[in-house]
Structure formats: C-alpha cells, structure tokens
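# Survey of secondary and tertiary structure
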Amino acid sequence: MAFEAKKLINDPNNAVTEYIEGLMETYPGLQYLDGFPEVKVVLRADAAGGDYSKVAVISGGGSGHEPAQAGYVGEGMLTAAICGDIFASPPVDSILAGIRAVTGPMGCLLIVTNYTGDRLYFGLAAEQAKSEGYKVETVIVGDDCALPPRRGIVGRRGLAGTILVNKIAGAAAEAGLPLSDVAAEAKRASELVGTMGVALSVCTLPGQVTSDRLGPGKMELGLGIHGEPGAAVADFQPVDIIVSHVLKEILSTETGYVPIKRGNRVVVMVNGLGATPMMELMITCGKVVPRLQLEHGLAVDRVYTGSFMTSLDMSGLLCLTRTSFMWRAVLVISFSTLLSGFSITVMKSDQAILQRLDAPTKAPHWPVAVDGNRPPAKIPIPMPASRVTKSDESLSRPTQLTPEGHILEVAIEAAANAIINIKDDLNEWDGKVGDGDCGSTMHKGAMAVLEDMKKYYPLNDAAETINEIGLSIKRVMGGTSGIIYLIFCKAAYAQLKASAQVTAKEWLEALEAAIAAVSKYGGASAGYRTLLDALIPASEVLKERLNAGDDPSAAFALSSEAALAGAESTQHMQAQAGRSTYVSEEALATAPDPGAMAAASWYRAVALAVKDNCSAP
C-alpha cells in the first residue's frame, strides 16, 4: 500500500533552498550566491571574488544526497558545490555562476558523477567558461560495481566513491599543485573506485507517496542512489552474508572494475544511505574489515564511518566502493543518513594517498570543526566579463555586411531552411527509432535562428555569430538535442574566438573542436548511431581535401557528400547512445538516425550555399 511520506519540510519546491539556508546558519565559513531559486551554489567564504590563488575544485549534481556535495565545501576539499533540484542536474547557468565565483588564474576542476544529465550540463558549462577565458578541466566519476559491463556509452554510475575523489583533489589543490596535476590525481582516483548497493526499501521524494516496490523480507542488490532498480531482488539475509556478497562483487576479477589484489593495503569507507541507525552501520563496519583482511588478504590502513552520500529516506542500501592507487590500497566505508544501509569504498593506498586523505580540511561533513568568523552568507552572482565589456552594437545585426558576412548569412539561412523542409521526415524516422519529436525540436531551433539572425547576429564576426546561434538554440530547443547543439556551438565559438582571422583552416578547426566537445560530454563517437556519424566523416574529408590544396568551397561541398553518406549508413548501425539503445535491431534497420540525417542536411545546405556564393561572379 502506498502512502504519503512524512517529511519535516514546508513547500517541497523550496526544500533545497531552505536546506542551504540552514547550512549557512550552521557553518559560518560558507556562503551562497544570491540567485534562488534558479541558482543554488554553496561556496567557500574565503574563495569568492575571482582572485582565488589556488585551483578551485567544484562538484555538484542533484540534491537529495546530503551531505553531498554542499557538505564538502571547505578548505582542503571542495571550493564550491552546485546544487540541483531533488535528483535533477543543476542548470548550466547555475554551474557557470559557481565557476565564475571561485575560479582564479589557476583554473578550476569540475568533478562530475557519471549521469547523462550531469555530464551534459557540466560539460556545456565547462565549454562556456573556457570561451570566457577560464581554465577548466573535468573528471567524470563512475564507480558503480553492481551491474555487469554493458554496451553503449552509459557506463558505471557515480556513487559514494565521488567523495574520496573530492577529498584527494581538494587536498592536492590546497597543496598548491597546478590544474593539470590536480586533475591527474582526481582522474586516477576516479578510475580506481568501485561501489555496490543493497537496499531494503526505495527512496521517497518530498511531497510524493512512499513506494512499496520491495515486499516484506526482500532486498534489492545494486539499487542506485536515485531509487533506480538494481541488478536483482533477493530474500533478505543477515549482514554477514550481505557483506560477503557485496565485497566479492566489488573485488571480482571477472568484471575487473578495480584492480585490487591480495597483499594490497586499503582504506575503507562505510557509507550509510539515510535511514540506517549508527548501531547497524557499526555492526556492518565490524564485518567488512575482518572479511577484507581474512578472505581477501587486504591490510586496512584507514576506516571512515559517517553520512557521506545519502538518498532521501531509502532504507537498507548497502554500497561498497573500492579505489586502487599505485602499490598500496585504502579502504573507506561510508554511510548515508536517509537511506537505511551502507556503502563500502575500497581504495589502494600509498603514503601519497594517505597524505591526501589525512590532510586537514574544514569541510563540515568530512567532518571538521568550524571557527567563529562569520562573513556575510549571501553575495551577488558575478556577471560574465564578456557581457560587461561588449557593446550593444557588437551584438546586433550590422547595417552593412562584408563579403564574408554575406556568405555567412546565406549559409545560416540555407541550413535553417534545410531543417525546416525535412521536419516531417525527421519526425517519421524518429517515430521508428526514438520518441518521434526530432523534427519538431530541430524545427523550433531553425525558426529561432532565422528570427534572431534578422536582429541580433553580428554576421561580420564569425565567432560571435556562432555563439549567438547557440543562444538561439538554448532559448527554444529542449531535450538532449538542444544541449548537444549548444555544446557544439560553444566549442566552435571558443575555437574561432582564439583565431586572429577566420579562413577555411579555422572553420575546419572549429568543426573539429565542436565534434570533440560533443563526443567528450555526450560520450558518443563514430559508429554509435548519432549525429557524429555524419559530422566526423565530413570533417575528415574536409581536412584531407584542404591539405591536398583543393579550393575550400569545393572541398566543403565534397565533405558534405561524406556527411550524407555517413548519416545514411546509420540505418545499418546498432545504437549505443540515446533512446535508440532501447529499440530492437529490427526496428533500427527501418530508418537512419534522425539526428545524423538532420546534421547531414544542414551541413550539406551550408556547403552548397558557400560554393554557390563563392563561385558567383
């Protein structure tokens, strides 16, 4: 029987902002940006203002996992945390606000849990920040060991192992290391962490009813921290048996998720997930350590037990996380206070790793003590420098176009009209392999581009025009397509902006940068049945022909044929990204990928428009 959950809240829509306000009252070393409800950013009070002298370490994601990530903001750990709504990725503008608020000349590292939304939104924010002149590196953490390796690009979920990555990166940054070294230490940690979960109940969102998906006497192995189903439902067992099973899964040589072997030294974190009493967590910890020592031959250097990453009021989640480092190992056991259960994190250790984990921190939930200084809790949101310095004239349509500006206008118009003309075809193809709205979504973007070009596009400035196309897309295109094209435009804009002049070579470099950004944050590459299957062949042919000395407009037109051929070939590919991954091979064979066909369509339209106008007398 389902019933409404009891929560100590007011309006569920205000739960996250009111949590942040309470955090400020408790820990005077923290501040938040004055942007509620859209911008929910917690930051170190001593790091705001843009002149921070060390690498800023920023993490975040959906709320509902407290104390993660805002509870780890403090000297020696995170510089800022970006809070989304409950179980929802924070918006790009919120992430950008955090980057601008704490990033100084040393740059910033974004630590992102491996969920599609987090990757895309933090990825777009990173590209925008780079285009504004900030140094930004990104590390994706995927430490889930519950599910077997799968095809496609989804990968392992980001779980409690992220907290250890935060601590290592934060200590490295506090030691004054450059951005490249801080990112390298964080990346190494992320590659060596594993986590598994066991739940006795599912979580309940504020204002919703409690689910009865798990019946009496049952537990779920591998449940995710958002309540998503795990690997299997089994009869409930004593904690000895549960711990033994989870440790074997994490340390499995078959999956090879974490390379920990007998004789390694480890640190352990037992992570309760919200509703498990401290007594039960200590009982669990007391079973984990001896088994690691006796059954797996591991020496345990450190044991942490506390509420590190929770999941609302989920009950009974057991999560084991393991991370390998060099020749010694560190095992960490962490628990969350809202979900009953625990997670176990195992990390290889050496003296360098222990030094990072033992380094002092003022992050309140590592935990740490706080001092009595109380600066103002609320500070203004910093404005991007580009918007402050650009004049209104530079962001409007010129009264007279240069020859290059005229060609750019014709090309943009051709691209938009090409998308408008195949709207129904795109919807038809997407109806067979997706959710049927690709054409409608792309049509909205094309119409917005045509409308905005008449007023706002500084067509004589290629870089700024590409940036404005991205803003048009951002305004009207939702879903994955919208953010992918926005990332595409931002990356191309950053590349073009760095060029003293824009020739065919610079356009090729911008295309390659845009493709690389979409691949980096979306996870796809050639052969995944996405728009990249049109754009990658096009860029390769364009580069080849330009290097061979061909006329640029002819090379562009020839590359558009490769784009079309690549898009059409997706009909024979097995999907490894997007909603098409859930569609049968038989259904996929009935239509090409609509995203690839859309990309090929606008690319070819641009190429032909450029060729016609460049060859005109």
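Calculation notes
- Throughout, residues of each chain are indexed from 1 in the direction in which the sequence is written.
- Reporting of local features is limited, given that this is a predicted model, to residues whose pLDDT is at least 70; pairs of side-chain atoms are given and counted only at 80 or more, and all residues count toward the totals for whole chains, interfaces and linings.
- Calculated side-chain values reflect all of the structure's heavy atoms, with hydrogen atoms and water omitted.
- The aromatic pairing rule takes the rings of Phe, Tyr and Trp, using the six-membered ring of Trp, and pairs them if the centres are within 6.5 Å, calling planes under 30 degrees apart stacked, those over 60 edge-to-face and the rest tilted.
- Using a 1.4 Å probe on the protein chains alone, a residue whose accessible area is under 20% of its type maximum counts as buried, one over 50% counts as exposed, and one in between counts as partly exposed.
- Here a strand is any run of E in DSSP of at least two residues, a helix any run of H or I of at least four, and the numbering for each starts at the N terminus.
- A contact between two residues is defined here by any heavy atoms of the two lying within 4.5 Å.
- Geometry is summarised by axes, namely lines fitted to C-alpha atoms with helices restricted to the contacting stretch, and by angles between N-to-C directions that run from 0 to 180 degrees.
- For classification, angles of less than 35 degrees are called roughly parallel, those exceeding 145 degrees roughly antiparallel, those between 65 and 115 degrees roughly perpendicular, and all remaining angles oblique.
- Handedness of a helix crossing follows the sense of rotation of the near helix relative to the far helix, less than a right angle counterclockwise being left-handed and clockwise being right-handed.
- Basically, the charged four are Asp, Glu, Lys and Arg, the nonpolar ten are Ala, Val, Leu, Ile, Met, Phe, Trp, Tyr, Cys and Pro, and anything else, Gly included, counts as polar.

By the naming in an unreviewed UniProt entry, the protein is 3,4-dihydroxy-2-butanone kinase, taken from Punica granatum.

### With respect to the packing of aromatic side chains
Overall, the coordinates contain nine aromatic pairs when judged by the stated rule. Centroid distance Y32 to F36: 4.7 Å. Interplanar angle 5 degrees. Geometry classified as stacked. Overall, the relative accessible area of 24% leaves F36 in the partly exposed class. Each ring, one from Y72 and one from F308, has its centre 6.4 Å from the other, and the planes form 25 degrees; the classification is stacked. On the criterion of sequence distance, the pair formed by Y72 in the loop between strand 4 (56-63) and strand 5 (80-86) and F308 in the loop between strand 14 (299-306) and strand 15 (317-323) is long-range, its members being 236 residues apart. In this pair, the class of Y72 matches that of F308, namely buried.

### Some points on the side chain of D452
Counting through the fold element by element, D452 comes out in helix 12 (residues 438-453). In this view, D452 contacts Y457, S472 and R475; residues no more than four positions away in its chain are not counted.

### Looking at the packing of helix 15 (residues 504-522) against helix 16 (residues 532-547)
Closest axis-to-axis distance for the helix 15/helix 16 pair is 10 Å, and the angle between their directions is 150 degrees. Our classification of the angle between helix 15 and helix 16 gives roughly antiparallel. Helix-helix and strand crossings are classified by hand; for helix 15 and helix 16 the assignment is left-handed. Residues A504, L508, L511, E512, I515, V518 and S519 of helix 15 form the contact with helix 16, whose own contacting residues are L532, L535, I536, S539, L542, K543 and L546. Residues belonging to the contact of helix 15 with helix 16 are distributed by class as follows: ten nonpolar, two polar and two charged.

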